Amino acid sequence: MELFLQRYVTYIFCGLLCALPASLSAATITQHIDDTHIGVGDLFAIVLTLDSEDVSINAIEGNLAFSDATLSLQEIRAGNSVVPFWIDAPQEKDGGIHFSGIIPGGYSGSSNTLFVLVFQARAEGKAEVFLRDGRALLNDGSGTPTSFTLTPKPLLIAQTGSGKQVAEDTVADTQPPGGFTPLLAHDASLYDGKYFLAFAAQDKESGVERYETAETRLPFPLFSQSAESPYLLTDQYLTSDVYIKAIDAAGNERTTVFHRSRLLRPNELIIGGILILLLLAYVFVRRRRT
Amino acid sequence: MLHTAARRSLLALLLLLVCAPLIAGAQSYNSTNYSVLEAVMIPGGYSTSSSFGLQSIIGGVAAMATSSSSSTFGNNPGFLHYPYVTTPAVSATSGDTQVALSWTSASAGVGWTVGSYSVGQSTTSGGPYSFSNVGNVLSSTRTGLTNGTAYYFVIRVNDALGNTIATSTQVSGTPASSGGGGGGGGGGGDTDEGEDEDEDGGATVILSGRAYPGSTITVLKDAQIAVTTVAGPDAKFTVSLTNLSGGQYTFSVYGTDKNANRSAPFSFPTYVTPDTTTTIGGIFLSPTISIDKSEVKRGDTLVIFGQSAANASVTIVVNSENEIFASALSDAQGVYLYNLDTSPLEYGGHKTKSKGAVAGEISPFGQQVGFIVGTKNVLIPVLSTRCPTRGDVNGDCKVNLIDFSIVAYWYKRTLTGTFIDIEKTMLNADGKVDLVDFSIMAYYWTG
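Residues numbered from 1 in each chain as written. Chains lettered and ligands numbered in written order. Predicted model: local features only at pLDDT ≥ 70, side-chain atom pairs only at ≥ 80, totals over all residues.

## Some words on the overall build of chain A
The criterion, for reference: Secondary structure elements follow DSSP: runs of H or I of four or more residues count as helices, runs of E of two or more count as strands, with numbering from the N terminus. Buried residues are those with 20 or more other C-beta atoms within 10 Å of their own C-beta, exposed residues have 12 or fewer, and partly exposed residues lie in between; C-beta atoms are placed from the backbone.
A tally of helices and strands in chain A yields two helices and 19 strands. Within the span of chain A, comprising 290 residues, buried residues form 39% of the whole.

Below, the structure is given as structure tokens:
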């Protein structure tokens, strides 16, 4: 009995030490929902924030899933994200939400928005968003993986809703995307060494939805189909102005012009030179006759 | 009822806990002709704590932890092991009768853990401050303030026992009633002539801190270069970004020293409120670091050098089987140099890094550089420009949107042509482009 008690005391002490919370060295997605009552038919937003206080991470990817019997995904807002460059912008795919992106320089912080999901409650019952799979990589130059989790936040959808049709934090986006500077480059590893433009605009409200481009030597651009970065230039002589229009999800536009580097193309220079020579010859001949 | 023997065990245990700090009291060791074995370092003040510190010696190894609630214990052979903590950078955004504060996480190690933060508030620059513990969080909004009055704030870092282990530099904010400004109409479109300017909104962000005397400071906004400036002779810099739209931003700052070496970037994610001024102060860039040899003959000297703030105390750590700590003092130009005797190092690969401390501010550790202890000396040539060793897939000495675009093009595609070799040398050499390659690029990002 004595031995038992001695061991008992020792075990309690050791157990207390061992059972204490382990240090958090991971990335976590936290769900924030303002609405206290959600009923069938209601629209509501789940703000996903990224927490990484103890480590610096610079790349994340994941697949979120949600209870599709009770929830219907209406919108994904990724405009005001702490992730400046998406490899795959958050989008609904195979019944879930796929995303991957990088944070150059690393991210170590908490409660900064990753993206926002807007749902409509479809039916009464339990609902939740969960991380099907995902990974976060440390900002250590080697891409070392660290744990990546989503804090569960189960919801209970009531039979009757409040009739709310607009998510709480929806604000009319009237601002165009922010200014951006296209970068001209050519590299043997891409497009056979041809010139291309790299660009990325940011929109802090609804997010950049698409880009349109126009290459022209005239002052009036005619925007064509959607384009994306890297954009292979049609005019490899760089004699055209390139207009790049960033359009956000609310339809606001920001157009940036990448000005031509050269006025004339090589064949135009040759033709121009020949014309000048012909003109000079003509003038010379006229003077000789007079 | 506990048995007598059990009671005795409990009493002995409690006595041990209460007396442990006293048993391991600090002593001076001044002799030059003996070695101190089985020494224990105890941060000052812990023995007077109402709680207790837990220190012990296990087989000649100092096991250090800050409290019984710590789950991590560092085992450090030898004597010269000092706990460290970095000072946080702090941002202040003024609002109507309030100032929103946020700060970077202080990193601590070798015996210290961050337990909580306290916000110090004063209406007088330099204090005295009234402190309130806000817990282990990275933001706090100070409310009930008087509009038009300047308030000054510092953030104290507390360890697990509540002792202050670091204090940030001061930032200020002047609350003002909302309204005014308002950022103009919306809708429609804007056309820029190639310049990167946010013409809408009207928020201002001011970043200030220490780098190296006369160094080039580059500020990135959402990973793209927003502005560059030059630090003063005292290594201090202040940069303003104006006319920003409201929203979530990540600001990064890095310095380039006189030898064209870049510092590790300092990154600060923050929410910018429209028509307000956000001040981010207390940035202390980690020192740059270089070595004179990529391989050093065991027993020869390896020169470790770089730049920090002027007259800073620079701590150099060599990560080998047994960690080696050394210190050097930077000169008026911020240049430091340390001759490392490689005799105690094992053959093989090692890494070294450094951090600076001046005027009560402590920088984080900077980037690591690796070297080999072998049988010959291989000198590293002095270069006027230094390109990122990885991530720079187009070879323009930058890692930026162009490299991202090229790598994004090859994402989930079969690599062909010259990109096969580029992926081998500049990315992770696994024959494909995935998230790891992007992570490497993000680490070496220059904007």
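Past the structure itself, the notes keep going.
## Describing the overall build of chain B
Assigned secondary structure in chain B consists of four helices and 31 strands. Residues classed as buried in chain B amount to 43% of the 447 residues present.

## Describing the sheet that holds strand β6 (residues 98–103) of chain B
Residue and element names in this part refer to chain B. Rule in force here: Pairing between strands requires that DSSP locate at least two bridges from one strand to the other. Each axis is a line fitted through C-alpha atoms, taken for helices only over the stretch in contact, and angles between the N-to-C directions span 0 to 180 degrees.
Across the sheet, six strands lie side by side as β10-β6-β5-β21-β15-β18; this open sheet has mixed pairing. Each end of this open sheet is capped by a strand with a single partner; those strands are β10 (139–142) and β18 (236–244). On average, adjacent strands in this sheet sit at an angle of 15 degrees to one another, irrespective of strand direction. Strand direction decides the pairing type here: β6 and β10, joined by four bridges, are antiparallel. Bridge pairing in β10 links A100 to T141.

## What to know about helix α2 (residues 401–410) of chain B
All names here are of chain B. α2 sits mainly inside the fold: nine of its ten residues count as buried. Every buried residue of α2 is listed here: L401, I402, D403, F404, S405, I406, V407, A408 and W410. Residue K412 follows α2 closely and has a positive phi angle near 65 degrees.

## Observations regarding the nonpolar core
Rule in force here: Throughout this description, the term nonpolar core refers to a group of buried Ala, Val, Leu, Ile, Met, Phe, Trp, Tyr and Cys residues whose C-beta atoms join them within 7 Å. It is the C-beta atoms, placed from the backbone, that decide contacts: two residues are in contact if theirs lie within 7 Å.
Within the largest apolar cluster, 150 residues are counted, with the highest numbers of intra-cluster contacts made by I57 and L197 of chain A together with F251, V253, V407 and M441 of chain B. Ignoring sequence-local partners within four residues, the contact set of L197 of chain A consists of P182, L183, L184, P230, Y231, L233, V242 and F258 of chain A.

## Some thoughts on the environment of I157 of chain A
Residue and element names in this part refer to chain A. Looking at the element boundaries, I157 is found in strand β12 (residues 155–157). On the neighbour-count criterion, I157 (24 C-beta atoms within 10 Å) is buried. In this structure, the C-alpha to C-alpha distance between I157 and G125, residues 32 residues apart in sequence, is 5.1 Å. Not counting residues within four places of it along the chain, the set of residues in contact with I157 comprises I38, G39, V40, T70, A121, A123, E124, G125 and A127.

## Topic: the confidence of the model for chain A
Selection criterion: The quantity known as pLDDT measures the predictor's confidence residue by residue, on a range of 0 to 100.
Per-chain confidence: chain A averages 86 in pLDDT, with 89% of residues scoring 70 or above. This stretch, residues 12–24 of chain A, has a pLDDT under 50; its non-local contacts, to residues over four places away or in other chains, come to ten contacts.

## So, the sheet that holds strand β27 (residues 335–341) of chain B
Residues and elements named next belong to chain B. Judged by pairing direction, the sheet is antiparallel, and its three strands sit side by side in the order β22-β24-β27 without closing on themselves. Since the sheet does not close on itself, it has two edges, and those belong to β22 (290–291) and β27, each with one partner. Looking at chain direction, strand β24 (residues 301–307) and β27 are connected through seven bridges and run antiparallel. Of the residues in β27, the one forming a bridge with G306 is Y336.

## Some details on the domain arrangement of chain A
Residue and element names in this part refer to chain A. Put simply, the rule is: Domain delimitation in this document rests on an assignment produced automatically or drawn from a domain database. Under the grouping applied here, Gly and all other residues not named as nonpolar or charged are polar, the nonpolar ones being Ala, Val, Leu, Ile, Met, Phe, Trp, Tyr, Cys and Pro and the charged ones Asp, Glu, Lys and Arg.
One can read the domain layout of chain A as domain 1 (26–157) and domain 2 (183–259). Each of domain 1 and domain 2 was reduced to a C-alpha centroid, and the two centroids are 30 Å apart. Contacts between the two partners involve six residues from domain 1, matched on the other side by eight residues from domain 2. For the side of domain 1 that touches domain 2, the per-class residue count stands at three nonpolar, two polar and one charged.

## Describing the pairing of strand β21 (residues 277–284) of chain B
Residue and element names in this part refer to chain B. Burial analysis of β21 places seven of its eight residues in the buried class, which makes it a mostly covered element. As paired elements, strand β5 (residues 90–95) and β21 share four bridges and run antiparallel to each other. Paired with A92 across the strands is T279, a residue of β21. Bridge count for strand β15 (residues 203–210) against β21 is six bridges, and the pairing is parallel. Following the sheet pairing, G209 is matched in β21 by I283.

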